[in-house]
Amino acid sequence: MNSPVLGARQFLACTLVVGAALVLYLRFLPALLMLLFYSILGLRLFWRLKISNKPFATYARVIAVCALVCTVLLTMKTVLGREGGTALLAAMIVIKLIETERTRDAHVCFIASSFLAMSAFLFDQSPLHALLTLIFVLVLIGCMYFVQEEAKTAAKTAFTPILKESGFQLALALPFAAVCFVLFPRLSTPLWGSGSQSFAKTGMSDYMEPGAISSLALDDTPVMRAKFFDRVPLPQQMYWRGLIFWDFDGKAWREPESMPWFRQPPEIEGIADQIQYEVLLDPENQKWLYLLDTPLVAPDNAILTQDLKTYYPRNVFGVMQYRATSALRATVQPRLPPWQRRMALRLPDRGNPQSRAFGQSLRERSNGDANLAIAEALKLFNQNFIYSFETPLLGQDPIDDFLFNTKIGFCEHFSSSFTFLMRAAGIPSRVVVGFQGGYFNGLGGYWVIRRSDAHAWSEVWIEGRGWVRIDPTAAVAPERIMRDQSMQRQAGEWAQNDWLFGARERLDLLRYYWNLAIVQFSAQRQTQLLDALGITEHRTKYLTMILVGCGIFTLLAALFFLRMKTVPIDPVLLAWLRLTARLEKRGAAKYPAEAPMAYIDRLQSSNPELAARVLPLAHAYNELRYRSGIQYEEAIKSFIRSCRRFRA
Amino acid sequence: MATRSQNATAFWASALKWGERLLPGLTRYKRRESLPIALHRKRIYIVPTRFGLVFGITLAAMLLGSLNFNNNSALFFTFLLSGIVFLTVFRTANHMAGLSLRKIEAGPVFSGETAIFDLRFESPKARCNGLRLRQGTQTVPFAIVDHHAAVALPIKTGQRGWNELDPIIVSTEFPLGLFYAWSVMGIAEPYLAYPKPEERLAPLQAQPDDHRYGGRKERREETDWFAFRDYRAGDPIKNIAWKASAKKENWLLNEYRQPTSEETIFDWEALLFLEKEERISRLTRWVVEAGRRGLAWQLRLPAINLGPANTEQHYRQCLKQLALLP
């Protein structure tokens, strides 16, 4: 059986849903593709509204389909993976809309658009995107309602009731969604795939090549938010340790090859000034966490390696929350094993001869005193170098080129060349990358660390002091490290308005809580929640709780919806009963089951005068009940009126 | 083989019968009730539509995907849509609750024709869209406006005499088209179908040989148009003046009439050369014709003589007696 043909307004509603689903992709799919989607949508709508209610001719459809599929293939190169897959799905929905003619097609569009809207969360889970999706849900429900209602009744439906209806449905479904969200069992391991392809966001790279262009520096995206429990370190003490680079090939710094015996924490002595904190890390496709220098206790499931990298065995997918403990003062590895010492002194066989020679001379001048050599090198940086992100490209020997030629650079250049000099001078050293500093959000009481806070520094090993952090950048541009860390001061002159900063802070707070409550909610967290509720035997009680929760909710919903409105008492009967009740006070009671005429007959003998007056009303009552073909509404009204006016 | 397939058929037939008895409210085994018939939640049944089913499957796929990618926002989105779908079950079922069928009216109904029955509904809800009535193959959409609805349902009438209406199914897919809720209304009140009038009009001549003939020597054509009048429920559809109706708000009917005072006698005994049903059919046609032309007539049936008269009441009485002939 064919479903009914869509009307013009219904078709518009269908297009609206597809358009709204595509809005969610504006930021993620190529502009050319989006433009094509929307122009086909517009063309189709114009065709339907102004030209014909038949779909395009077959050849036009074939051309449109070919154009869409070719554009998807050309712009995306693939139809697999996140971008390619969603682009293909979007194209298929647009194709479906081209041939949409009946209610059934509209239903297909609705279902596919819902799926498309869900997939958009693979690109972005920010609260702003969630808000956009919420609007999509409103549009979807409104249009589904509209299409079904217009199809079943000929009358045109107004806009306001539809909006009210969809808003109402959304409001009722939210608590249901919340209950399910909290109680629904999660997968601790993905069923297929790595589970992480959803966040192929480019975060910090796992190598460092000074002279290559850095895009992180100007990116204001928050990476993590940290809350300190009792003691807050000074901003210049906030070094968030990420990766530790040992291997240098003349151009780039890399991590050492992963070795199993490397994966155990180093010896740490003289621990002082312990700091406890909680971090909410935004998704980056990576296998490490950022901990405050010097990390002491790794979060659950994570491992501290020999060089104090916090290794996380699975890829961090989704927002992740963790607690950790660090010390501001500690002696790390007071005794350096010889094999590590060799690693920390290794230089490439060739290249950068000038720097090598300068390192050698440092060694000779300092006479084996490491502190002296370090001071000398830092003095060099302090006197002759400029801190800037606009760096010239470096030549074949990047360290030489930087140290003796360009002398302009930022943290990567400084830490890289400093470490090189130290190694050349015979001092074991390594490069550490991570984040430095952060902005304090006064509203939420937490620190925001952004991509632009990415930083690189050096560590040297000194006899008796262990690994010591040396930040050559601080020698060049102390303001980079010492800057005032409140968001408001930092933003400069362009926006003096307080409210703007308030809004900015509030927005970040919203993002923080959103991530905390929704995005990072995991199986582990769910278990914690149940633990907090005193449920430790997961499997069984867990399910019981879900069932009980949903059961109670179902019951409440059912009771709420199905509280039966009683059929209103027939107004005619009501008027008649009220009249007889008044007559009862006059001593002329009607028996409960007495018919009007029988009542009049009985009244005739006791009170003929009253009976005569009531008679016309009894007649009218009978007529309303048993005679067909009278002016129903009018007669009812006049009957009720005369009953009310009757004075006994 | 044959016996096995027969067995299978018998088994399915008995299973169906058992199922129908188990759920009489769903099926033709629904006991007939007298008006008014009010719908309450115990007699409203609900199943997902095809759209609802596919949507549900898609939601399950979305659930699996978002769980696999551990994407909580997507999971929340899926639950939100699921919540809306879930609540729609109640919304759909509740949409019909309280709806009651108060009255059914129809004008004169002739056997075998499609007559329009006027159904009056009441609801505690002031407005209620997207309702449908189904009877046999006929589907009529309707809406409650200001607590009331009047639905004109075309029904194919049965044999002459007292007939029972086939169960009427009230259904809705409100509000999102995801679920189909329905309830069966079996109406106890029978209706009277007058016999089917003969198609060809035989001359209004009972007996050509004696004084008992009525009718006229020369019959006017049927196109002896008299006037338009408003359509009344039960009027034959073929008499509707379509062109004239198009210009008006309500339907108009062509009325043919030939006013005369001549008395006509329609005699059962005079038509003994015809089969019984044919005889009834011809007499009916004559009565209808006479009524239309405004003649006064007398109807002589085996047990009863009616008339002569030319009143509406007489007309109805004649048709009723003809309908109820054994």
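To keep things clear, this report deals only with the structure shown in the data block. In this numbering scheme, every chain counts its residues from 1 along its sequence in written order. Here chains are named by letter from A upward and ligands by number from 1 upward, in the order in which they appear as written. Local features in this predicted model are restricted to residues of pLDDT 70 or higher, and side-chain atom pairs are both shown and tallied only at a pLDDT of 80 or more, whereas totals for entire chains, interfaces and linings draw on every residue. Only hydrogens and water are set aside when side-chain values are computed; all heavy atoms of the structure are taken into account.

Turning to the overall build of chain B, a few remarks are in order. Each helix is a run of H or I in the DSSP string that is no shorter than four residues. Each strand is a run of E no shorter than two, and both are numbered from the N terminus. Counting its regular elements, chain B contains 6 helices and 16 strands. Partly exposed residues are those whose accessible area sits between 20% and 50% of the maximum for their type, while under 20% is buried and over 50% is exposed, using a 1.4 Å probe and protein chains only. Residues classed as buried in chain B amount to 52% of the 326 residues present. By sequence separation, contacts in chain B at least 24 residues apart represent 65% of the contacts at least 6 residues apart. Entry remark: accessible area of chain B is about 16200 Å², with carbon and sulfur atoms responsible for 55%. Only heavy atoms enter the contact rule, under which two residues are in contact if any of them lie within 4.5 Å. Each accessible area is a Shrake-Rupley estimate made with a 1.4 Å probe; only the visible protein chains count as cover when residues are assessed.

What follows deals with the sheet that holds strand β16 (residues 439-441) of chain A. All names here are of chain A. When DSSP finds at least two bridges between two strands, those strands are taken to pair. Here 6 strands make up an open sheet; going across it, the order is β9-β12-β6-β2-β17-β16 and the pairing antiparallel. Each of the sheet's edge strands pairs with one partner strand only, and the pair in question is β9 (295-297) and β16. Sheet twist, expressed as the average angle between the axes of neighbouring strands with direction ignored, equals 40 degrees. Axis geometry follows a simple rule: fit a line to the C-alpha atoms, using only the stretch in contact for helices, then measure angles between N-to-C directions, giving values from 0 to 180 degrees.

With 66 residues of chain A at the contact, the number on the chain B side is 54 residues. When chain A packs against chain B, the two sides together hide about 5600 Å² of surface, and 73% of this comes from carbon and sulfur. Any carboxyl oxygen of Asp or Glu within 4 Å of a side-chain nitrogen of Lys or Arg constitutes a salt bridge here. Taken together, chain A and chain B are joined by 1 salt bridge. Put simply, E165(A) and R91(B) hold a salt bridge, and the shortest N to O gap is 2.2 Å. Between N or O atoms, a polar contact is any pair within 3.5 Å; within protein, one atom must be a potential hydrogen donor and the other a potential acceptor, and residues adjacent in sequence are included only when both atoms are from side chains. Applying the counting rule to chain A against chain B returns 3 residue pairs in polar contact (both at pLDDT 80 or more). Mapped onto the side of chain A that touches chain B, the elements with two or more residues apiece are α5 (103-119), α6 (127-152), α7 (159-183), α16 (498-519) and α18 (538-562) of chain A. Looking at the side of chain A that touches chain B, the element that brings in the most residues is α7(A), giving 12 residues. The nonpolar class holds Ala, Val, Leu, Ile, Met, Phe, Trp, Tyr, Cys and Pro. Asp, Glu, Lys and Arg form the charged class, and all remaining residues, Gly among them, are polar. Here the side of chain A that touches chain B is built from residues that sort into 45 nonpolar, 15 polar and 6 charged. Defined in terms of a 1.4 Å probe, buried area is the accessible area two parts forfeit on being brought together, summed over both.

Going from D293(A) to T294(A), the amide bond is cis rather than trans, its omega being -5 degrees. Structurally, the position occupied by T294(A) is in the loop between β8 (291-292) and β9. Here F174(B) and P175(B) are connected by a cis peptide whose omega angle stands at -5 degrees. Locating P175(B) in the fold gives a position in the loop between β9 (168-172) and β10 (179-185). Positive phi values are uncommon outside glycine, yet L308(A) reaches one of about 65 degrees. Along the chain, L308(A) falls in the loop between β10 (303-304) and β11 (310-311). Exposure remark for L308(A): the relative accessible area of 2% places this residue in the buried category.

Let's shift gears to helix α5 (residues 276-293) of chain B. All names here are of chain B. Taking 1.5 Å of rise per residue, the 18 residues of α5 would be expected to cover 26 Å, and the 26 Å separating its terminal C-alpha atoms lies within 8% of that figure. Among the 18 residues in α5, 14 count as buried, and that is most of the element. Residue G294 follows α5 closely and has a positive phi angle near 75 degrees. Expected span of a helix: the number of residues minus one, times 1.5 Å.

Residues and elements named next belong to chain B. The element strand β5 (residues 127-135) is extensively covered by neighbouring structure, given that 7 of its 9 residues are classed as buried. As judged from the 7 bridges shared by β5 and strand β6 (residues 138-145), these two strands associate in the antiparallel manner. Its bridge partner being in β6, C128 is matched across the sheet by I144. Linking β5 to β6, which pair antiparallel, is a turn of 2 residues; within it G136 sits at a positive phi near 60 degrees. In this structure, β5 lies alongside β9, joined through 4 bridges in antiparallel fashion.

Turning our eyes to something else, we now look at the pairing of β9(B). The two faces of a sheet get side chains in turn, since along a regular strand they alternate between them. All names here are of chain B. Taking burial as the measure, the 5 residues of β9 include 5 buried ones, the bulk of the element. Both faces of β9 are covered, namely the face carrying I168, V170 and T172 and the face carrying I169 and S171. Bridge count for β9 against β10 is 5 bridges, and the pairing is antiparallel. Residue pairing in the sheet places I169 in a bridge with V184 of β10. Count of turn residues in the β9/β10 antiparallel hairpin: 6 residues, of which G177 carries a positive phi of about 75 degrees.

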